[in-house]
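Coordinate analysis (summary)
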Amino acid sequence: MSEILLRAEGITKRYGGILACDGVNIELRAGETHAVIGPNGAGKTTLLAQLGGEITPDVGRIHLGERDVTGLRAPERAALGLGRSFQITSVFREFTALQNVALAVQAHDGHSFRFWRKARTDAALVEPARAMLDRLGLAGRAAVPAALLSHGEQRQLELAMALATKPRVLLLDEPMAGMGASDSERMTRLLTTLKRESALLLVEHDMDAVFALADRITVMTYGRVIATGTPAEIRANQTVRDAYLGTDEAA
Amino acid sequence: MERVATFFVLVALAAVPVLTAIFDAPFYLDLFGRVMIYAIAALSLNLVMGYGGMVSFGHAAFLGLGGYAVGILAKEGIDSGFVQWPLAVGSCALFAFLTGLVVLRTSGAYFIMITLAFAQMLFFLFTSLAEYGGDDGLTIWTRSEFSGLIDLNDGASFYYLVFVLLLLCLGISARLVDSRFGMVLRGAKANERRMRAIGFPTFRYKLAAYTISGAMCGLAGALLANQAEFVGPSVLHWSRSGEILVMVVLGGMGGVAGPVLGAAAYLLLSYFLADLTKHWAIIMGPLLILVVLYARGGLLGLLGGRRAKADSP
Ligand SMILES: Nc1ncnc2c1ncn2[C@@H]1O[C@H](COP(=O)(O)OP(=O)(O)OP(=O)(O)O)[C@@H](O)[C@H]1O
Ligand SMILES: [Mg+2]
């Protein structure tokens, strides 16, 4: 089997009386798309936040490649090749689409204690950013402030930013959230092409997308993993059907 | 539009010594000198507040510390500006760096309160320093000496030195906010979580900005002490921090030059209003509220330029 890029062991996060994550084990291998599904409040976002380093687990360890990153914060993990998109669109609303991506490029182009040269005309930032926008079909919208982009475009922009950091591992929290059918399809096609570059950990409610993209699926409810397996195994799993998929959705 | 307005303001400021000589009104030389010194202080605050989203309610600390550095050295017989000014700026940078380590761990209302608390600490420290004037403050008997290069006792020379330093600070600010460093600062203001997720350790950049800001404000403090030939705890009073803040808001945070307009508008207005009535604050207060409510971009915004935010870098 291929190399394990990201591994969480027994991570647990408690919010007051709620066990948002309860001893979750999950791993992501090179070249793989691993989907995490589960009902609202199952702890999927909390899981991603811990993998991304935004919050620290109460218990458990997280490895990125060989390295134990449990104690590292989000920027350090990003520097090690971890990319992330958020469930609630998180872009720089006042910056243009191009500036959004250029800033992501900048994050991985050495330190930013550079006080003199204009960032806006810095070819080392602008050119890769343009190329990335082009790839996501946003080239024509480069000069538009992110706040004025449509919802679908903002989701794409967020992905462009994550990709601009050249992540080996990409954590995606509901990239299709709030998208219409055609936008979702476009996003699904895009994610398919991404698989070659990054391993994807995909949280998604859109089951068509999940079954189209995932090599493996993990199902969570109430903070726990109740099943992990191939799409076919998950479809056939009775516990999963009872807990989540329901008969018509799994058809 | 911002550029045009800034240009005219700067030309007008450059002409002040000529006019005050013609009309024999040295008082105005002082007034406009003070405008420029506060403009430097407001510029420094705008760097962290307008671009970095760090609302400091303690910038008077740097004004005071820079001033006291000059005052204390002068009292100890060290008059050289080559010693005084670097020490003033350096001690403010150090103070900003050290307090920044603490204040930058907070945000929002906590940030405001903690910056205020540090400034108050200095206020009480200098109030209790009896050797250096305590409550009464410290008279500076000789302005900084620059080995004959420039004579600060000459009103026009001093004025033009301040003018050149203001240009320098404006230039530095303008470059800074458009640089990679500046983009990190703006990004952290707009969406810090996003910044961290794409790999920016934002804390160190904010700390650097806070330190630069403190240093710049320290320079303003050294200038102010020289101009007044006096430094006292009143420079460190929280109301002074508030005034600098008001200048920034009044001028508008959308561009680099806003604070210059703000400092000019605030000081000139309060001067002329004070001439009209001693209850000038009653007019000033509502005026500020109007600006905040109806001209969110401050004076810069009124000039038809940009919105209140650093949105078109
Ligand atoms: N910061 C927090 N403080 C308190 N409770 C929280 C916090 N974040 C999450 N929770 C709780 O933890 C549980 C898991 O939330 P989480 O957002 O991880 O679920 P999710 O699987 O992503 O759900 P959804 O599909 O709706 O996005 C929920 O009960 C939620 O209310
Ligand atoms: Mg979620």
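Within each chain, residue numbers correspond to sequence positions counted from 1 in written order. Numbering of ligands from 1 and lettering of chains from A proceed in the order in which they are written. Reporting of local features is limited, given that this is a predicted model, to residues whose pLDDT is at least 70; pairs of side-chain atoms are given and counted only at 80 or more, and all residues count toward the totals for whole chains, interfaces and linings. Hydrogens are left out, water is left out, and the side-chain values use all remaining heavy atoms of the structure.

A closer look at the overall build of chain B
Strands are runs of DSSP state E lasting at least 2 residues, helices are runs of H or I lasting at least 4, and numbering of each runs from the N terminus. When its secondary structure is counted, chain B shows 12 helices and two strands. Listing each helix as α and each strand as β along chain B from the N terminus yields α-α-α-α-α-β-α-α-α-β-α-α-α-α. Taken over C-alpha atoms, the radius of gyration comes to 19 Å for chain B, in line with the 20 Å a tight globule of 313 residues would show. For chain B, the C-alpha atoms occupy an extent of roughly 55 × 40 × 40 Å along the three principal directions. For this measure, only C-alpha atoms enter the radius of gyration; the expected value for a globule follows 2.2 Å times N^0.38, where N is the number of residues.

Thoughts on the pattern of salt bridges
Close approach of charged atoms allows side chains of opposite charge to pair. Here, a salt bridge means any side-chain nitrogen of Lys or Arg that lies within 4 Å of a carboxyl oxygen of Asp or Glu. A complete count under the given rule lists 22 salt bridges over all chains for this structure. Residue B:Arg180 is joined to A:Asp109 by a salt bridge in which the shortest nitrogen-to-oxygen separation is 2.9 Å. Taken together, the residues span two chains, with B:Arg180 in helix α7 (residues 180–197) and A:Asp109 in the loop between α3 (97–107) and α4 (123–135). A 1.4 Å probe rolled over the protein chains alone gives each residue an accessible area, and that area as a share of the maximum for its type sets the label: buried under 20%, exposed over 50%, partly exposed in between. A:Asp109 sits in the partly exposed class, given a relative accessible area of 29%. Through salt bridges with shared partners, a single network forms among A:Asp109, A:Arg117, A:Asp122 and B:Arg180.

Side note on the site of ligand 1
All names here are of chain A. Each residue is tested against the molecule or strand, and it is near if at least one of its non-hydrogen atoms lies within 4 Å. Ligand 1 sits among 14 residues. The nearest are Asn40, Lys44, Thr45, Thr46 and Gln87. In protein, a polar contact requires one atom able to donate a hydrogen and another able to accept it; more generally it is a pair of N or O atoms within 3.5 Å, and residues adjacent in sequence count only if both atoms are side-chain atoms. One of the backbone N or O atoms of Gly41 is found 2.8 Å from an oxygen atom in ligand 1. Secondary structure elements with two or more residues in the shell around ligand 1: β2 (18–29) and α1 (44–52). Here the shell around ligand 1 takes three residues from α1, the largest share from any one element. In this classification, Asp, Glu, Lys and Arg are treated as charged, Ala, Val, Leu, Ile, Met, Phe, Trp, Tyr, Cys and Pro as nonpolar, and every other residue, Gly included, as polar. In terms of residue class, the shell around ligand 1 is made up of five nonpolar, seven polar and two charged.

Details of the domain arrangement of chain A
Residues and elements named next belong to chain A. What fixes the domain bounds is an automatic or database domain assignment. Examined at the domain level, chain A breaks down into domain 1 (1–81 + 167–251) and domain 2 (93–166). Between the C-alpha centres of domain 1 and domain 2 the distance comes to 26 Å. Every contact between the two is made by 20 residues of domain 1 and, on the other side, 12 residues of domain 2. Where domain 1 abuts domain 2, roughly 1200 Å² becomes buried across the two surfaces, and 62% of that area is made up of carbon and sulfur atoms. In this structure, Glu197 engages Arg135 in a salt bridge whose closest nitrogen and oxygen atoms are separated by 2.7 Å. Among the secondary structure elements, those contributing two or more residues to the side of domain 1 that touches domain 2 are α2 (74–79), β7 (169–173) and α6 (181–194). Ranked by the residues each element gives to the side of domain 1 that touches domain 2, the list is headed by α6, at seven residues. Working rule for contacts: check all heavy atoms of both residues, and any pair within 4.5 Å makes them a contact. Computed with a 1.4 Å rolling probe, the buried area is the accessible surface lost when two parts are put together, summed over both parts.

A short note on the interface of chain A and chain B
Listed per partner, the contact involves 37 residues of chain A and 29 residues of chain B. Across the chain A/chain B interface, buried area totals approximately 3100 Å², and carbon plus sulfur atoms make up 60% of it. For the interface between chain A and chain B, the tally reads five salt bridges. Between B:Arg180 and A:Asp122 there is a salt bridge; the shortest N-O distance is 2.8 Å. Where chain A meets chain B, there are 18 residue pairs in polar contact (both at pLDDT 80 or more). Only α2, β6 (82–85), α3, α4 and α5 (151–164) of chain A provide two or more residues apiece to the side of chain A that touches chain B. Within the side of chain A that touches chain B, the residues separate by chemical class into 18 nonpolar, eight polar and 11 charged.

What about the coordination of the magnesium ion (ligand 2)?
All names here are of chain A. Note: metal donors comprise N, O and S atoms at 2.8 Å or less from the metal (3.2 Å for Na, K and Ca); water molecules are not included, so apparent gaps in a site are possible. Distances from the magnesium ion (ligand 2) to its protein donors, namely Thr45 (OG1) and Gln87 (OE1), fall within the range 1.9 to 2.1 Å. Taken as a pair, Thr45 in helix α1 and Gln87 in the loop between β6 and α3 lie far apart in primary sequence, 42 residues in all. Relative accessible area serves as the criterion here: at 30%, Thr45 is assigned to the partly exposed category.

Observations regarding the environment of A:Ala8
With respect to the element layout, A:Ala8 can be found in strand β1 (residues 4–15). Between the C-alpha atom of A:Ala8 and that of A:Leu28, which follows or precedes it by 20 residues, the distance is 9.1 Å.

A word on the sheet that holds strand β10 (residues 224–229) of chain A
Residue and element names in this part refer to chain A. Pairing within the open sheet is mixed, and its six strands lie in the order β6-β7-β8-β3-β9-β10. Across the chains shown, the open sheet's two edge strands, defined by having one partner strand only, are β6 and β10. The sheet shows a mean angle of 15° between the axes of neighbouring strands, direction not considered. Here β7 pairs with strand β8 (residues 199–203) via five bridges, running parallel. Within β8, the residue paired with Leu171 across the bridge is Leu201. Whether two strands pair comes down to DSSP finding at least two bridges between them. Axes, fitted as lines to C-alpha atoms, cover a helix only where it is in contact. Angles between the N-to-C directions of the axes lie from 0 to 180 degrees.

So, the packing of aromatic side chains
All names here are of chain B. Stacked, edge-to-face and tilted are the three classes for Phe, Tyr and Trp ring pairs, Trp counted by its six-membered ring, which pair at centre distances within 6.5 Å; planes under 30 degrees apart are stacked, over 60 edge-to-face, the rest tilted. Counted by the stated rule, this structure contains 22 aromatic pairs over all chains. With a centroid separation of 6.3 Å and 85° between ring planes, the pair formed by Tyr28 and Tyr271 is classed as edge-to-face. Residue Tyr28 is located in helix α2 (residues 26–49), and its partner Tyr271 is located in helix α10 (residues 258–276); the two are separated by 243 residues in the primary sequence. On the accessibility criterion, Tyr271 (21% relative accessible area) is partly exposed.

Focus on the packing of helix α3 (residues 60–75) of chain B against helix α8 (residues 202–228) of chain B
Residues and elements named next belong to chain B. Put simply, α3 and α8 touch, their axes get as near as 6 Å, and they point 50° apart. One way to sum up the angle between α3 and α8 is to call them oblique. α8 is crossed by α3, and the crossing has right-handed handedness. Within the contact between the two elements, α3 uses Phe62, Leu63, Gly66, Gly67 and Val70 and α8 uses Tyr210, Gly214, Cys217, Gly218, Ala220, Gly221, Ala222, Leu224, Ala225 and Asn226. Among the residues making up the contact of α3 with α8, the classes are represented as nine nonpolar, six polar and no charged. Roughly parallel means an angle under 35 degrees; roughly antiparallel means over 145; roughly perpendicular covers 65 to 115; every other angle is labelled oblique. Each helix crossing is assigned a hand: it is left-handed if the near helix lies turned anticlockwise from the far helix by less than a right angle, otherwise right-handed if that turn is clockwise.

Comments concerning α8(B)
Residues and elements named next belong to chain B. In a regular helix each residue adds 1.5 Å, so 27 residues correspond to 39 Å; α8 covers 39 Å between its end C-alpha atoms and thus fits that length. Counting buried positions along α8 gives 23 out of 27 residues, so the element sits mostly inside the fold. With its phi angle positive at about 55°, Glu229 sits one or two positions after the end of α8. The span expected for a helix works out to 1.5 Å for each residue beyond the first.

Topic: the nonpolar core
In this structure, A:Leu159 and A:Leu191 are the most contacted members of the largest nonpolar core, which totals 143 residues. Among the elements that line this core, the one with the most residues is α2(B), at 15 residues. Both domains that furnish three or more residues to this core are identified here as domain 1 (1–81 + 167–251) and domain 2 (93–166) of chain A. What A:Leu159 contacts, discounting residues up to four positions off in sequence, is A:Leu136, A:Leu170, A:Leu172, A:Met187, A:Leu190, A:Leu191 and A:Leu194. Buried Ala, Val, Leu, Ile, Met, Phe, Trp, Tyr and Cys residues that are joined via side-chain atoms within 4.5 Å together make up what is termed a nonpolar core. Counting 24 residues, the second-largest nonpolar core is a separate cluster that includes A:Leu51, A:Leu82, A:Val169 and A:Ala199.

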